[in-house]
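Chain and residue survey
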Amino acid sequence: MLDVLSNLGTGFVHVFSGYHFIALLVGLVVGMLVAVLPGLTLVMGVVLALPFTYGMDLTTSIILLTAMYISGTYGGAFTSILFHIPGEPIDVPLLWDGFPMARRGEPAKALGWTLFAALTGGLITCIVAVSLAVPFAQFALRFDSPEYFAVVLFGFTSVVALGGESLVNALISLFVGVLLATVGVDAVWGVDRFTFDVPILRDGIEYLTVMVGAYGVGEVLSRLELGFATSPLQAAGGKIETQVPAPRELWQLRSTFGRSSLVGVLCGIVPGAGATIASFVAYGVESQYGKRRKELGSGIPEGIVAPQVASTATVGGHMVPLLTLGIPGSGATAVILGAFLLHGLQPGPLVFQKESEMVYAIFASMFLSVIGMCLLGFFAIKLLIKVLYLPESITAAFVILFCVIGAYSARNTITDLWLIMIFGVLGYLFERFRFPIAPMVLGVILGPLAEQAFMTSMISFQNDWTIFFTRPVSGTVMLLSVLALAFPAVQQLYRRRAARKLRELGADADAKAT
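Treat the numbers as computed from the prediction; the structure is a model and nothing was measured. Along each chain, residue indices are assigned from 1 in the same order as the chain's sequence is written. Residues qualify for local features only when their pLDDT is at least 70, as the model is predicted, and side-chain atom pairs are given and counted only at 80 or more; totals for whole chains, interfaces and linings, by contrast, use all residues. Note that water and hydrogens are dropped before the side-chain values are worked out from all heavy atoms of the structure.

**Focus: the overall build of the protein chain**
Let me state the cut-off plainly: Segments assigned H or I by DSSP are reported as helices when at least four residues long, segments assigned E as strands when at least two residues long, and all are numbered from the N terminus. The cut-offs for exposure are 20% and 50% of the maximum accessible area for each residue type, with area from a 1.4 Å probe on protein chains only; residues under the lower value are buried, those over the upper are exposed, and the others partly exposed. Contact between two residues is taken to exist if any of their heavy atoms lie within 4.5 Å; hydrogens are not considered. Throughout, the Shrake-Rupley method with a 1.4 Å probe supplies accessible areas, and for residues the shown protein chains are the sole cover considered.
Along the protein chain, the regular secondary structure elements total 24 helices and two strands. Buried positions account for 55% of the 514 residues belonging to the protein chain. The long-range share in the protein chain, meaning contacts at least 24 apart out of those at least 6 apart in sequence, stands at 77%. For the protein chain, the accessible surface area stands at approximately 22,700 Å², while carbon and sulfur atoms represent 67% of it.

**A few points about the pattern of salt bridges**
Operational definition: Any Lys or Arg side-chain nitrogen located within 4 Å of an Asp or Glu carboxyl oxygen qualifies as a salt bridge.
A complete count under the given rule lists six salt bridges for this structure. In this structure, the salt-bridge partner of Glu249 is Lys109, at a minimum N-O distance of 3.5 Å. With Glu249 in helix α13 (residues 247-252) and Lys109 in helix α7 (residues 107-131), this pair connects stretches of sequence that are 140 residues apart. Considered together, Glu249 and Lys109 belong to a single accessibility category, that of buried residues.

**Some points on the nonpolar core**
Defined as follows: To define a nonpolar core, start from buried Ala, Val, Leu, Ile, Met, Phe, Trp, Tyr and Cys residues and group those joined through side-chain atoms within 4.5 Å.
With 70 residues, the main nonpolar core has Ile336, Phe340, Met358, Phe363, Met366 and Met373 as its most contacted residues. For this core, the leading source of residues is helix α19 (residues 356-384), giving 12 residues. In this structure, Val220, Ile437, Ile445 and Ala484 belong to the second largest nonpolar core, which totals 63 residues.

**Structural notes on helix α4 (residues 58-75)**
To keep it simple, the criterion reads: How far a helix is expected to stretch is found by multiplying one less than its residue total by 1.5 Å.
Between the first and last C-alpha of α4 there are 26 Å, a value that for 18 residues agrees with the 26 Å anticipated at 1.5 Å per step. Of all 18 residues making up α4, 18 are buried, and the element is well covered by its neighbours.

**Considering the packing of aromatic side chains**
Where two aromatic rings form a pair, the distance of their centres and the angle of their planes describe that pair. Cut-off, in case you're wondering: Any two rings among Phe, Tyr and Trp, with Trp reduced to its six-membered ring, count as a pair given centres within 6.5 Å; such a pair is stacked if its planes are under 30 degrees apart, edge-to-face if over 60, and tilted if neither.
Applying the stated criterion across every chain yields a total of 11 aromatic pairs. Centroid distance Trp465 to Phe469: 6.2 Å. Interplanar angle 85 degrees. Geometry classified as edge-to-face. We classify Trp465 as exposed; its relative accessible area is 56%. Here Phe469 falls in the partly exposed class, since its relative accessible area comes to 46%. An aromatic cluster is defined as three or more aromatic residues linked by ring pairs; in this entry it consists of Trp96, Phe280 and Tyr283.

**So, the packing of helix α10 (residues 167-181) against helix α22 (residues 438-460)**
For any two helices packed against each other, the geometry comes down to the angle between their axes and how far apart the axes lie. Heads up, the condition is: Here the axes come from fitting lines to C-alpha atoms, over the contacting stretch only for helices, and the angles between their N-to-C directions go from 0 to 180 degrees. In this scheme the crossing of two helices becomes right-handed for a clockwise turn of the near helix relative to the far one and left-handed for an anticlockwise turn of less than a right angle. Classification convention: Asp, Glu, Lys, Arg as charged; Ala, Val, Leu, Ile, Met, Phe, Trp, Tyr, Cys, Pro as nonpolar; all other residues, Gly among them, as polar.
With their axes 7 Å apart at the nearest point, α10 and α22 run at an angle of 40 degrees to one another. You can see that α10 and α22 cross each other, and the crossing is right-handed. Each of Ala170, Ser173, Leu174, Val176, Gly177, Val178, Leu180 and Ala181 in α10 lies in contact with α22, whose residues at this interface are Pro439, Met440, Gly443, Val444, Gly447 and Pro448. Residue composition of the contact of α10 with α22, by class: 10 nonpolar, four polar and no charged.

**Considering helix α11 (residues 207-225)**
The line we're drawing: Bend at a residue means the angle formed by two fitted axes: the first through the 7 residues ending at that position, the second through the 7 residues beginning there.
Spanning 19 residues, α11 covers 26 Å between terminal C-alpha atoms, matching the ideal 27 Å at 1.5 Å per step. At Gly213, α11 shows its maximal kink, close to 30 degrees. For α11, the buried fraction is high: 15 of the 19 residues fall into the buried class. Where α11 ends, the next residue or the one after it, Gly227, has phi of about 75 degrees, a positive value.

**A closer look at the packing of α7 against helix α14 (residues 254-269)**
Using the following cut-off: These descriptions rest on fixed angle ranges, namely under 35 degrees for roughly parallel, over 145 for roughly antiparallel, 65 to 115 for roughly perpendicular, and the rest for oblique.
The interhelical angle for the contact between α7 and α14, taken along N-to-C directions, is 50 degrees, at an axis separation of 10 Å. Accordingly, the angle class assigned to the pair α7 and α14 is oblique. Classified by chirality, the crossing of α14 by α7 is right-handed. Here Phe116, Ala117, Thr120, Ile124 and Val128 of α7 come into contact with α14, specifically with Phe257, Ser261 and Val265.

**Quick look at a nonpolar patch on the surface**
Filter applied, for reference: Patches draw on residues past 30% relative accessible area with no salt bridge. Two like charges within 9 Å are joined, as are two nonpolar side chains (Val, Leu, Ile, Met, Phe, Trp, Tyr) within 5 Å.
On the surface, a cluster of nonpolar side chains totalling about 560 Å² of accessible area is made up of Tyr19, Ile22, Val26, Val29, Val30 and Leu33. For Val30, the position within the fold is in helix α2 (residues 20-36).

**Some remarks on the environment of Val444**
Tracing the backbone through its elements, the reader meets Val444 in helix α22. Counting along the chain gives 263 residues from Val444 to Ala181, while the straight-line C-alpha distance between them is 4.8 Å. Sequence-distant contacts of Val444, defined by excluding residues within four places in its chain, comprise Gly177, Val178, Leu180, Ala181, Ile205, Tyr207 and Val210.

**A closer look at the side chain of Ser71**
Looking at the secondary structure, you find Ser71 in helix α4. On the accessibility criterion, Ser71 (0% relative accessible area) is buried. Non-local contacts of Ser71, meaning those with residues more than four positions away in its chain, are made with Gly27, Leu28, Gly31, Met32 and Met373.

**Topic: a positive patch on the surface**
Heads up, the rule is: Positive: Lys, Arg. Negative: Asp, Glu. His and the chain ends are not part of the count. Positions of charges follow a simple convention, taking NZ of Lys, CZ of Arg, CG of Asp or CD of Glu.
Residues Arg496, Arg497, Arg500, Lys501 and Arg503 make up a contiguous surface patch of positive charge. Turning to its location among the elements, Lys501 is positioned in helix α24 (residues 472-513).

Quick look at the structure:
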């Protein structure tokens, strides 16, 4: 342990030397901007930054990309909470409690909870990356495609459990999302599916198009129906101030911080799980075991803290298999792996012996990135909250503008503009008829991952579907998935029986009275 601390101290010295610290600051700012703008995903931003690292040394380039990665897990919270537009898929769960809290008149408080959650998750993930790299990487090496499929399925069932009053509506929404994810060319057999001879559909329907359309355009249509009766400033209760959670409030949520940190670290260690799954699963776990689980969705801090802590906590977990095994755990770390290879270094167990200064400089930059991200976010909050002083009709116009820009920037085609309008209407109809949007969006995002893991498992294990239940890890996760799905179903059945008994008792009482 003393050797680790000594190497980490040397790493801090390296970060503050040369251009390393400048690269860190640039990465923080660019990562947050990319995450804030709907349409520019975090992975896309890291990819666009990769060519600029050609002229840098290896340590500087990795510090730049890692800072972007860490900052990007937090920046999208602004648009999710203030505008009901998730900048990244990982920010979707923040909509469910962050936006209601903002509309209730506490936008700064919602962003304050997000800020502290990001700080907590970030520091925890850095500690994990430094102290538990090798043992966690060895455990993750045991995971194969059946385990990946089980984890994705658990993410599905966790969100279905949050479907609100109707489990059937939540399942319908989820299946619509999975169906949309099948549009395009099959990755295994190479045949067209649901393309209807439309060339652009052969590339599939971008999850970004569905997400921005259903949430962004759909929310504007819902507000338009109400005639923009209330301005955001009035909804926010007039004067707005930045509110950092009090120590007493933080202590009350200690269980949420602990559960979500564990989910984030584990999902980060498992290659392929990622921040998106961690965000949804953490919210699902909170809905099952949280003290105020029945209040989730109404704008409580637990619904903000859980997904933000988990998504930020995955970063260090993703860096563990990348540095120790050369296995990227997410799209962003795959790009970072490309940066390693461009500079002639293959990450692996020997990198800790040959390039220990570089490795611990990266770890040190992660600690500094978390702190810098939170400082940058604290001041950005004050600026972004000022947009609530604008009339709602003006902010709605900007929301539509950003949605259009984001959709067009994905593939540079007019077809995507039509698609976001279609999904905007669909999102509005879902809200109107009480169908939850979240399962549909999750189905589009995780559907391809589930299909790929399932097909790989079937090919590798000779179409033996029992493999998902006979392997220890995948079997355990599958059991948790069944329980997560059965729990709300049993709850709803119990409520219906209780309501039926109350009606019968009321009828008997009326009969006796007459």
